[in-house]
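Each chain, written out:
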Amino acid sequence: MAAAATCGAGAGSPGSVAAAVDRSSATSFQRKGPRAGGADGGGPRLVSIAGTRPSVRNGQLLVSTGLPALDQLLGGGLAVGTVLLIEEDKYNIYSPLLFKYFLAEGIVSGHTLLVASAREHPAGILQELPAPLLDDSYEKEFDEDGCNHKTPDSSMKMKIAWRYQLLPKMEAGPVSSSRFGHYYDTSKKIPQELLRTAKWHGFFLPERISPPLTVEPCHLTHGYMKLLEFIKKIVSEEGVDGSHPQKKTKNILRIGIQSLGSPLWGDDACCAEACDDSHSLTKFLYVLRGLVRASLSACLVTVPAHLIQNKAITARVTSLSDTVVGLESFVGSERETNPLYKDYHGLIHIRQIPRLNNLICDESDVKDLAFKLKRKLFTIERLHLPPDLSDTVSRESKQDVAVPAPRPGRGCSGLAEGEKHLDF
Amino acid sequence: MFPELNNLLNITPDKVEQGKLTLLCDAKTDGSFLVHHFLSFFLKAKCKVCFVALVQSFSHYNIVGQKLGVSLTTAWERGQLVFLEALKTSLDIFFQTPAGPHPLQFLREASARNLQPLYAFVQEALKPEDGGEATWRHPVLLVDDLSVLLSLGVRAVAVLDFIHYCRATVCTELKGNLVALVHDSGDAADEENDLLVSGLSHQSHLILRAEGLATGFCKDVHGQASPSRVIGVRAACVHSHMWIQNTGLADSTQVHRKKAKGNTQKYCHGFSLGDFSFILLGYFAFMFL
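Within each chain, residues carry numbers counting from 1 in the order of the written sequence. The order in which chains are written sets their letters, starting at A; the order in which ligands are written sets their numbers, starting at 1. At least 70 in pLDDT is required for a residue's local features to be given in this predicted model, at least 80 for side-chain atom pairs to be given and counted, and no such filter applies to totals for whole chains, interfaces and linings, which use all residues. Calculation of side-chain values draws on the structure's entire complement of heavy atoms; hydrogens and water are dropped beforehand.

### Side note on the overall build of chain B
Comment: elements are numbered from the N terminus, with helices defined as DSSP H or I runs of at least four residues and strands as E runs of at least two. Counting its regular elements, chain B contains 10 helices and nine strands. Exposure classes here rest on a 1.4 Å probe applied to the protein chains alone. A residue is buried below 20% of its type maximum, exposed above 50%, and partly exposed in between. A total of 289 residues make up chain B; the buried ones form 55% of that total. Here, residues are in contact when the closest pair of their heavy atoms is within 4.5 Å. Long-range contacts, defined here as pairs at least 24 residues apart, represent 73% of the contacts in chain B between residues at least 6 apart. The method behind every accessible area is Shrake-Rupley, applied with a 1.4 Å probe, and residues are considered shielded solely by the protein chains displayed. Roughly 12600 Å² of accessible area belongs to chain B as shown, and the carbon and sulfur atoms make up 56% of that amount.

### Re the pattern of salt bridges
Criterion for a salt bridge: a side-chain nitrogen of Lys or Arg within 4 Å of a carboxyl oxygen of Asp or Glu. Under the defined criterion, the tally for this structure stands at 11 salt bridges over all chains. The salt bridge partner of Arg 355 of chain A is Asp 30 of chain B, with a shortest N-O separation of 3.2 Å. Here the residue Arg 355 of chain A occupies a position in the loop between β12 (346-352) and β13 (369-373), and Asp 30 of chain B occupies one in the loop between β1 (21-27) and α2 (32-44), the pair thus bridging two chains. A residue is classified by how much of its surface remains accessible, and Arg 355 of chain A, at 10% relative accessible area, is buried. When the shortest N-O distance is used, the salt bridge between Lys 127 of chain B and Glu 124 of chain B registers 2.7 Å.

### Here's the deal with the packing of α2 of chain B against helix α3 (residues 58-68) of chain B
Residues and elements named next belong to chain B. Angles shown run from 0 to 180 degrees and are taken between the N-to-C directions of axes, each axis being a line fitted to C-alpha atoms and, for helices, limited to the stretch in contact. At a minimum axis distance of 10 Å, the contact between α2 and α3 shows a crossing angle of 65 degrees. Viewed along their axes, α2 and α3 adopt a mutual orientation that is roughly perpendicular. Of the two elements, α2 crosses α3, and the hand of that crossing is right-handed. For the pair formed by α2 and α3, the contact residues are Val 35, His 36, His 37, Leu 39, Ser 40 and Lys 44 on the first element and His 60, Tyr 61, Val 64 and Leu 68 on the second. Asp, Glu, Lys and Arg are counted as charged, while Ala, Val, Leu, Ile, Met, Phe, Trp, Tyr, Cys and Pro are counted as nonpolar; the rest, among them Gly, fall into the polar class. Taken together, the residues that form the contact of α2 with α3 break down as five nonpolar, four polar and one charged. Orientation is classified from the angle alone, with under 35 degrees giving roughly parallel, over 145 giving roughly antiparallel, 65 to 115 giving roughly perpendicular, and any other angle giving oblique. Less than a right angle of anticlockwise turn of the near helix away from the far helix marks a crossing as left-handed, whereas a clockwise turn marks it as right-handed.

### Description of the packing of aromatic side chains
All names here are of chain A. Stacked, edge-to-face and tilted are the three classes for Phe, Tyr and Trp ring pairs, Trp counted by its six-membered ring, which pair at centre distances within 6.5 Å; planes under 30 degrees apart are stacked, over 60 edge-to-face, the rest tilted. Enumeration according to the criterion identifies 17 aromatic pairs over all chains in this entry. What links up through ring pairs into an aromatic cluster is the set Tyr 94, Tyr 101, Tyr 184, Phe 371 and Phe 378. Geometry around Phe 102 places Arg 254 over its ring, the cationic atom sitting 4.8 Å from the centre. Sitting over a ring, as applied to charges here, requires NZ of Lys or CZ of Arg to be within 6 Å of the ring centre and within 35 degrees of the ring normal.

### Examining the nonpolar core
Of all hydrophobic cores here, the largest spans 171 residues; its most connected members are Ile 257, Leu 260, Trp 265 and Leu 288 of chain A together with Leu 141 and Leu 146 of chain B. Buried Ala, Val, Leu, Ile, Met, Phe, Trp, Tyr and Cys residues that are joined via side-chain atoms within 4.5 Å together make up what is termed a nonpolar core. Among the nonpolar cores identified, the runner-up in size contains six residues, and Phe 330, Tyr 341, Leu 347 and Ala 370 of chain A belong to it.

### Side note on the pairing of strand β5 (residues 112-117) of chain A
All names here are of chain A. Most of β5 sits out of view: six of its six residues are buried. Every second residue of β5 is oriented toward a common face, with Thr 112, Leu 114 and Ala 116 on one face and Leu 113, Val 115 and Ser 117 on the other, all of them buried. A pair of strands counts as paired when DSSP detects no fewer than two bridges linking them. As defined by bridge partners, β5 adjoins strand β9 (residues 253-257) across five bridges and the pair is classed as parallel. Its bridge partner being in β9, Leu 114 is matched across the sheet by Ile 255. For β5 and strand β8 (residues 200-204), the ladder comprises five bridges, and the chain directions are parallel. Residue Leu 114 lies in a different strand from β8, and its bridge partner there is His 201.

### Here's the deal with the environment of Thr 249 of chain A
All names here are of chain A. The topology assignment puts Thr 249 in the loop between α8 (222-238) and β9. On the basis of relative accessibility, which here comes to 64%, the residue Thr 249 falls in the exposed class. For the pair Thr 249 and Phe 330, spaced 81 residues apart in sequence, the C-alpha separation works out to 45 Å.

### Some words on the confidence of the model for chain A
Residue and element names in this part refer to chain A. Every residue carries a pLDDT, the predictor's confidence in it, which falls somewhere between 0 and 100. For chain A, the mean per-residue pLDDT works out to 74, and 65% of the residues sit at or above 70. Low confidence marks residues 1-45, where pLDDT is under 50. Its contacts with residues over four positions away, or in another chain, come to 77 contacts. Throughout residues 170-177 the model reports pLDDT below 50, and contacts reaching past four residues in sequence, or to other chains, amount to 20 contacts.

Next up, the structure:
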């Protein structure tokens with residue numbers, strides 16, 4: 001069934017790709033680029049670009065989202081040529097953080113950035129980026145943090161399982177900047193010298209917008225139209241769409257768009273259910289996807305999905321994006337005080353993963369994922385239910401989890417009776 | 001293409017039914033594997049294919065097609081495949097005014113009244129060759145997918161009209177086939193989409209639904225696919241197809257599917273031999289008819 005006789009223009013075997021994963025610059029094996037070609041089905045032979053690696057599964061070129069934990073859940077990273085949509089959490093606390101991680105990763109890897117926002121000036125956003133944790137400083141700082149990644153005392157020799165002592169220790173900490181995916185310290189700002197070397201383009205809506213005199217040709221909101229034209233201009237200037245074939249060094253363009261769909265962009269999807277420009281946001285996403293597919297860029301868009309009144313638009317926006325991740329923070333909700341969730345700051349939902357050049361996608365086994373933010377680490381872990389140790393503890397926590405909607409009237413007294421809790 | 005799906009539908013590349021509208025419907029899962037199946041199936045059956053690809057790029061279909069045994073590049077060069085890569089051509093029409101009529105003209109309009117230019121494109125692509133002798137068998141139109149047209153400002157009625165026109169031309173006049181994919185969200189959130197799905201279900205001869213499992217997420221089994229054959233409502237077409245959907249004897253055969261890297265295995269709900277159950281149900285239905 002799977003055509004064993006595929007010619008060289010198509011997919012290679014997984015074995016050969018795996019060899020290229022570790023050191024993408026050291027092997028002579030080069031994967032064909034994914035979609036930087038065009039209608040001919042092939043693509044230019046890509047020399048390895050800094051900050052990218054080919055996917056083990058289908059040879060797709062991947063970039064890091066800035067969060068190694070999220071990279072793992074997305075199947076290794078964000079594929080070049082796709083759009084990652086982040087559904088913002090209710091009070092917009094953690095989604096700007098993911099946005100900043102994405103941009104900071106771009107600076108550390110040397111990619112070009114395009115930052116678009118209607119609320120803050122892009123220069124201000126870049127000043128606020130977290131500092132990366134690089135090689136030399138990580139050893140002592142990471143141990144201070146008190147994470148339990150500490151390796152066991154190496155002076156203690158293993159007596160029975162002595163063979164295991166010879167195995168290399170698992171490296172779970174921050175890594176050097178030539179690797180894929182970095183860790184960031186949210187309490188420190190990015191050093192100025194890194195920022196100065198970075199190449200970035202900013203789009204701040206209040207500066208670009210001019211009062212529209214005529215109706216837009218494609219009936220998009222004025223802000224969206226201007227942003228699309230800007231992105232197209234930068235894509236062709238930077239040559240990421242293959243328009244300058246003589247340019248030897250290729251680079252990735254990282255596009256970050258903040259709070260798309262909010263009223264600040266001039267879109268009333270969040271204000272009214274039946275809005276006039278009900279197709280503006282979806283048309284924008286479609287054309288954005290076309291632009292990103294045809295070039296070596298990766299795009300991250302944050303959308304306040306909980307504000308959009310018309311649920312049909314939310315569904316369409318989800319299906320128009322490639323990867324969709326939803327954030328749900330516990331701040332201000334009942335779960336903040338729930339003992340079940342005390343270690344975590346919120347839940348993360350991977351709603352959609354694209355199937356690129358493949359029939360299946362890399363879905364992880366686990367659907368219940370929670371995240372927690374420490375100073376130097378944003379971890380995403382599987383949500384475990386604690387074991388039932390005693391009657392009262394388990395009944396309390398089970399009652400809280402079983403109730404889906406918050407009930408303001410319930411006090412502590414209602415916990416013992418209340419729900420019909422089957423107890424065997 | 002997947003031989004299990006071919007067995008279930010009782011078709012082979014040599015023996016293809018003509019004049020049919022097949023609707024591919026997916027709910028809570030991704031039904032694009034069905035599109036890949038039909039694309040490779042019809043290319044192997046030496047039919048002339050017009051593929052309107054609205055959501056993915058050419059290279060994506062090409063790479064998956066190679067896993068399934070067809071080369072889209074070769075088919076395109078030979079003239080067997082006419083490919084409209086909307087993601088790329090939309091950029092041309094979006095940023096500058098087109099010179100003449102363009103199949104994706106609806107992108108420039110606020111709320112497109114009809115998809116006339118797209119229909120003209122399809123008609124042009126699939127018209128029979130002059131010269132008498134035909135290199136390819138009957139024409140096929142594949143659309144992936146129709147729900148995205150609603151996101152781009154086209155009304156559901158316009159999409160239904162477009163399919164009706166295409167069916168009249170491709171299925172009835174040219175005796176070809178039409179295969180289209182829609183997303184079915186199930187809940188009543190998207191009314192336009194529900195309108196589109198029910199309108200299309202009414203018109204189609206064969207509906208293939210790919211659904212997520214009712215019990216939730218399972219790593220190995222990706223979902224279930226159920227084909228339902230529908231007897232044509234017009235009195236003139238009395239086929240020997242079994243009316244499996246509405247007899248109440250057997251609901252549409254539920255088939256669980258598991259997708260491996262390059263193929264899809266189908267195994268019947270509760271049985272290990274897929275064909276056995278299908279034949280058995282068909283036998284009972286035939287007895288009672």
